[in-house]
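# Summary of the model geometry
Listed here are the chains, written in short residue letters.
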Amino acid sequence: MCPSLTMPSHAVPLAMPIIPGLVALAALALDGAMPKSQPAPPMAAPLSPAPDAASALSLMAAIAERRDRDAFARLYLYFAPRLKAYLMRRGADDGLAEEMTQEAMLTVWYRAGSFDPAKAGVSTWIYTIARNKRIDRLRRERFPEIERDDPALVPEPPIAADSALALVQDDARLRVALAALPPEQAELLHLAFFQDKSHSTIADECGLPLGTVKSRIRLALQRLRNDLKDFA
Amino acid sequence: MPSFHPSQTLLMDYAAGSLGEASAVLIATHVSLCPECRAEAARIEAVGGALIETIEPVPLAHDGMAAVLRKLDERPDAPAPIPSFDAETQRLVPAPLRRHLGGNLEDIRWRSLGAVRQIDLAVTQAGGHARLLRLKGGAKVPRHSHDGLEMIIVLAGGFSDQSGHYLRGDVAVAGSDITHAPVADAGEDCICFAVVDGSIKLSGPLGRLVNLFVRT
Ligand SMILES: [Zn+2]
């Protein structure tokens, strides 16, 4: 059986209530965590949307430059329930996923100064932190990260680099492009990221020839790239 | 810039965190040496970032965020000290692989196996192994086949077999159905990192796992 070929029902992030003084509330443990199942308290201030790419960037800047706890709390309430979902889909039980999520978000706080918006979007950077945390904790291995100041690193040619990378920066545009993918391509991208399996295993379990899995993923990535080029 | 690149699906498995450690180290080594694949890996990670935003959120533990907020002033654990390497090792061996060397290239105590000298590296590899290989310039490796899928990346020098001529940064893939007799380029020693991975399968023609041409 091909596991969970279902797509999430919404392709755009849910609006998330942001309450002033979140930190104080959380410290009193009045709110606990408040993902989707819990309605906003009646006294909540007017709803703020989930951070879009620009406001996620300004939250990151506030954390890096001013160690802004409210900014961190907002980032936490948005990303932590999603990281936890990701970690559970990749094989962790609720308790371990919660623990790894907390550790990943602490890493976001500690390493905020090393976040470089020219290299990756906020959600991409946070995704890689959660991915590495999972490999570290679940597999007792270490994700082999690239070091930017590695003497052996071959640098980007000056021109091509930013035009290529600029395409990946805008998370919102990428989400739109993802939502427009043909379902069979989108499903395989989901499987590739959210199942703890390599391509060969996905092919076995889906009863698809490995070549089909590969070509669908290749088509999906190609199409995303073309869609983003159209925007650029 | 390298001419032989890992396939997009290998880059995808790398960026999704689905490769075994040794295979991931090999891909990361190539990505360090190949701006083209570095950009592609960054694009795939951006897909991961976007998918994280579309995932159905899961309820958090009641006191989870409060616990994290209490820890914000703690000092994080100091990162493990990075061993230092001589200039030659730093120049030749990209950081993702260098961490697993255990010492400088010139201090490695190679085991001799005919034309090939080699050493096993302590990198996790289910159903396979990870080795550093060193061939004298011009050395001929006797015809052989592999148990499982072997990926090789060239760090110094070069070698040729019937599938091509491989230089620094190039990735060669040989399935168990392939027998070949690589010959090292004349001149400097050819140093390679080789991984046998039992979990990766070829889907048919050998070319599927390696892109000969830079993607556009
Ligand atoms: Zn490449």
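These numbers were taken from a predicted model, which means no experiment stands behind them.

### Topic: the overall build of chain B
Looking only at helices and strands, one finds 6 helices and 11 strands in chain B. In chain B, which comprises 216 residues, the proportion classed as buried is 60%. In chain B, the proportion of contacts linking residues at least 24 apart, taken out of those at least 6 apart, comes to 69%. Summing over all exposed atoms, chain B offers an accessible surface of approximately 8,700 Å²; the carbon and sulfur share of this is 54%.

### Thoughts on the pairing of strand S5 (residues 149-156) of chain B
Residue and element names in this part refer to chain B. By the criterion of burial, S5 is predominantly enclosed, with 8 of the 8 residues buried. One ladder, built from 4 bridges, connects S5 with strand S8 (residues 171-174); its direction is antiparallel. Its bridge partner lying in S8, Ile 153 is registered against Val 171.

### Remarks on the sheet that holds strand S3 (residues 116-120) of chain B
All names here are of chain B. Read across the sheet, 6 strands follow the order S2-S3-S4-S10-S5-S8 without closing on themselves; strand pairing throughout is antiparallel. Each edge of the sheet is formed by a strand with only one pairing partner; in this case those strands are strand S2 (111-113) and S8. Here the average twist between neighbouring strands, direction ignored, is 30°. Where S5 lies against strand S10 (residues 190-197), 7 bridges are found, and the strand directions are antiparallel. When the sheet's bridge partners are listed, Leu 149 is paired in S10 with Asp 197.

### Quick notes on the interface of chain B and chain A
For an interface, size is often stated in terms of accessible area lost upon the parts coming together. Contact residues are listed per partner, giving 72 residues for chain B and 88 residues for chain A. Carbon and sulfur atoms make up 63% of the area that chain B and chain A hide from each other, which totals about 7,500 Å². Of all residues in chain B, the largest losses of buried area upon contact with chain A belong to B:Glu53, B:Leu60 and B:Met65, amounting jointly to 11% of the total for that side. Of all the secondary-structure elements, those providing two or more residues to the side of chain B that touches chain A are helix H1 (8-15), helix H2 (21-33), helix H3 (35-54), helix H4 (64-70), helix H5 (87-92) and helix H6 (95-98) of chain B.

### Some points on the nonpolar core
Of all hydrophobic cores here, the largest spans 108 residues; its most connected members are A:Phe72, A:Leu189, A:Phe193, B:Tyr14, B:Leu132 and B:Phe193. Ranked by the residues each element gives to this core, the list is headed by helix H3 (residues 69-89) of chain A, at 13 residues. Among the domains, domain 1 (11-37 + 45-145 + 164-169) and domain 2 (181-232) of chain A are the pair contributing at least three residues each to this core. Beyond its immediate chain neighbours, meaning those up to four positions away, A:Phe72 contacts A:Ile63, A:Met105, A:Trp109, B:Val68, B:Leu69 and B:Leu72.

### Concerning the coordination of the zinc ion
Residue and element names in this part refer to chain B. For the zinc ion, every protein donor is listed as His 5 (ND1), His 30 (NE2), Cys 34 (SG) and Cys 37 (SG), and the spread of their distances is 2.0 to 2.3 Å. With 4 donor atoms in place around the zinc ion and angles of 102 to 115° between them, the coordination shape is tetrahedral. Donor residues for the zinc ion, ordered by position in the chain, follow H-x24-H-x3-C-x2-C. Placement of the pair is His 5 in strand S1 (residues 5-6) and His 30 in helix H2, with a sequence separation of 25 residues. Across the pair, exposure class does not vary: His 5 and His 30 are buried alike.

### Digging into the layout of surface pockets
Residue and element names in this part refer to chain B. Estimated volume of the second largest pocket: approximately 420 Å³. Around the second largest pocket, the lining is made up of 23 residues, and of these Arg 131, Leu 133, Val 141, His 144 and Glu 150 lie nearest the centre. For the lining of the second largest pocket, the secondary structure elements donating two or more residues are S3, strand S4 (129-135), S5 and S10. Top contributing element to the lining of the second largest pocket by residue count: S4, with 4 residues. In terms of residue class, the lining of the second largest pocket is built from 13 nonpolar, 7 polar and 3 charged.

### Examining H3(A)
Residues and elements named next belong to chain A. Relative to the 30 Å expected for 21 residues at 1.5 Å per residue, H3 spans 29 Å between its end C-alpha atoms, a close match to the ideal helical length. Across the 21 residues that make up H3, a large majority, 16, are buried. For H3, the side-chain oxygen to backbone nitrogen distance between the N-cap and Asp 70 is 2.9 Å, and the N-cap itself is Asp 68. With its phi angle positive at about 105°, Gly 91 sits one or two positions after the end of H3.

### Some words on the pattern of salt bridges
Residues and elements named next belong to chain A. Counted under the stated rule, the structure contains 21 salt bridges over all chains. Ionic pairing is found between Arg 137 and Glu 99, a salt bridge with its closest N-O pair at 2.8 Å. With Arg 137 in helix H5 (residues 122-138) and Glu 99 in helix H4 (residues 94-110), this residue pair connects regions lying 38 residues apart in the sequence. Taking relative accessible area as the criterion, Arg 137 reaches 21% and is therefore assigned partly exposed. Overall, Glu 99 belongs to the partly exposed group, its relative accessible area being 38%. Two residues, Lys 133 and Glu 103, come together in a salt bridge whose shortest N-O distance is 3.5 Å. Of this pair, Lys 133 sits in helix H5 while Glu 103 sits in helix H4; the two residues are 30 residues apart in sequence, bridging distant segments of the chain. For Glu 103, a relative accessible area of 26% puts it in the partly exposed group.

Conventions adopted
Residues numbered from 1 in each chain as written. Chains lettered and ligands numbered in written order. Predicted model: local features only at pLDDT ≥ 70, side-chain atom pairs only at ≥ 80, totals over all residues. Heavy atoms only, no water. Helix = DSSP H or I, 4+ residues; strand = E, 2+ residues; numbered from the N terminus. Buried < 20%, exposed > 50% of the residue type's maximum accessible area, 1.4 Å probe, protein only. Contact = heavy atoms within 4.5 Å. Areas by Shrake-Rupley, 256 points an atom, 1.4 Å probe, with all protein chains shown as cover. Pairing = 2+ DSSP bridges. Axes fitted to C-alpha atoms, helices over the stretch in contact; angles between N-to-C directions. Buried area = accessible area lost by both parts, 1.4 Å probe. Core = buried A, V, L, I, M, F, W, Y, C linked by side-chain atoms within 4.5 Å. Domains from an automatic or database assignment. Donors = N, O, S within 2.8 Å, 3.2 Å for Na, K, Ca; no water. Tetrahedral: all angles 85-135°; square planar, octahedral: opposite > 155°, others 65-115°. 1 Å grid on protein atoms, 1.4 Å probe; cavity = no way out; pocket = protein on both sides within 12 Å on 5 of 7 lines; lining within 4 Å. Points joined across faces, edges and corners; volume = space filled by probe spheres on them. Nonpolar A, V, L, I, M, F, W, Y, C, P; charged D, E, K, R; others polar. Expected span 1.5 Å × (residues − 1). Polar contact = N/O pair within 3.5 Å; in protein donor to acceptor, adjacent residues only side chain to side chain. Salt bridge = Lys/Arg side-chain N within 4 Å of Asp/Glu carboxyl O.

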